[in-house]
Amino acid sequence: SSGINAEYGDNSSSPSPESDGPPDDENTWFHRSDVKISISLEPSQKDVAMLESVPMKYIRCSMRLKVSHLEKYIRDKTSLKDELEITCNKTPLDGQLTLENIWLDTWKVKEAPMRLYYSKKT
């Protein structure tokens, strides 16, 4: 679950699991104290037969994760190399939006996990 944070988060200097304690830089541990969100990441219904699914459909990650990080995750975990479009409630999401923005604007009153769909950009 923290793998997506370390691999796709904003800070590349994430500590290794073998470290003896907190590093000198307090910002290095920012993922550990972030508010987490559960998301479902799957191919859009219109493209489900054509698109490969990610190995882990359900992900728990930081609310500070951006849509662009999810796009990179999908490309890394599947054979999809095309430009992707991620949607929530059939609304295309800008790559700079965080999961927190999406949750507050479009998902807040619905049940977890927040459902996100991906397709090839047209």
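Residues numbered from 1 in each chain as written. Predicted model: local features only at pLDDT ≥ 70, side-chain atom pairs only at ≥ 80, totals over all residues. Heavy atoms only, no water.

(A) A look at the overall build of the protein chain. Within the protein chain, the secondary structure is distributed over 4 helices and 5 strands. Helices and strands in the protein chain line up, N terminus first, as α-α-β-β-α-β-β-α-β. Residues classed as buried in the protein chain amount to 39% of the 122 residues present. If you take every contact in the protein chain between residues at least 6 apart in sequence, the share linking residues at least 24 apart comes to 65%. Of the accessible surface of the protein chain, which amounts to about 7,600 Å², a share of 48% is contributed by carbon and sulfur atoms. (Helix = DSSP H or I, 4+ residues; strand = E, 2+ residues; numbered from the N terminus. Buried < 20%, exposed > 50% of the residue type's maximum accessible area, 1.4 Å probe, protein only. Contact = heavy atoms within 4.5 Å. Areas by Shrake-Rupley, 256 points an atom, 1.4 Å probe, with all protein chains shown as cover.)

(B) Spotlight on the confidence of the model for the protein chain. Summarising the model, the protein chain shows a mean pLDDT of 80, and 74% of its residues fall at 70 or more. When the criterion is pLDDT under 50, residues 9–21 qualifies, and its contacts beyond four places in sequence or with other chains add up to 21 contacts. (pLDDT = per-residue confidence, 0-100.)

(C) Quick peek at the nonpolar core. Counting residues in each nonpolar core, the largest one holds 24 residues, and the members touching the most others are Ile39, Leu99, Met114 and Leu116. Listing elements by their share of this core, those giving two or more residues are strand S1 (36–43), strand S2 (58–62), helix H3 (67–77), strand S3 (84–88), helix H4 (99–107) and strand S5 (114–120). For this core, the element with the highest residue contribution is H3, accounting for 4 residues. If near-sequence neighbours (up to four positions away) are discounted, Leu116 is found in contact with Ile39, Ser40, Leu41, Glu42, Leu70, Ile86, Thr87, Cys88, Leu93, Leu99 and Ile102. (Core = buried A, V, L, I, M, F, W, Y, C linked by side-chain atoms within 4.5 Å.)

(D) Expanded view of the environment of Glu83. Tracing the chain through its elements places Glu83 in the loop between H3 and S3. Separated by 12 residues in sequence, Glu83 and Glu71 place their C-alpha atoms 8.3 Å apart. For Glu83, the contacting residues outside a window of four places in its chain are Ser119, Lys120 and Lys121.

(E) Local environment of H4. For H4, the set of buried residues is Leu99, Ile102 and Trp107. Down the axis of H4, the buried side of the element spans an arc of 60°, and every buried residue falls inside it. Buried residues in H4 make contact with S1, S2, H3, S3 and S5. (Arc of directions from axis to C-beta.)

(F) How the structure looks around the pairing of S1. Burial analysis of S1 places 6 of its 8 residues in the buried class, the great majority of the element. In this structure, S1 lies alongside S2, joined through 5 bridges in antiparallel fashion. Residue pairing in the sheet places Ile39 in a bridge with Ile59 of S2. Taken together, the 5 bridges between S1 and S5 define a ladder with parallel strand orientation. Within S5, the position partnered with Pro43 by the bridge is Tyr118. (Pairing = 2+ DSSP bridges.)

(G) Focus on the pattern of salt bridges. Counted under the stated rule, the structure contains 5 salt bridges. Glu42 is paired through a salt bridge with Lys57; the nearest N and O atoms lie 3.7 Å apart. Placement of Glu42 in strand S1 and of Lys57 in the loop between S1 and S2 is noted, with a sequence separation of 15 residues between them. In this structure, Lys120 and Asp82 form a salt bridge, with 3.3 Å as the shortest nitrogen-oxygen distance. On the criterion of sequence distance, the pair formed by Lys120 in strand S5 and Asp82 in the loop between H3 and S3 is long-range, its members being 38 residues apart. Note on Lys120: relative accessible area 38%, which makes it partly exposed. The exposure class of Asp82 is partly exposed, given its relative accessible area of 38%. (Salt bridge = Lys/Arg side-chain N within 4 Å of Asp/Glu carboxyl O.)

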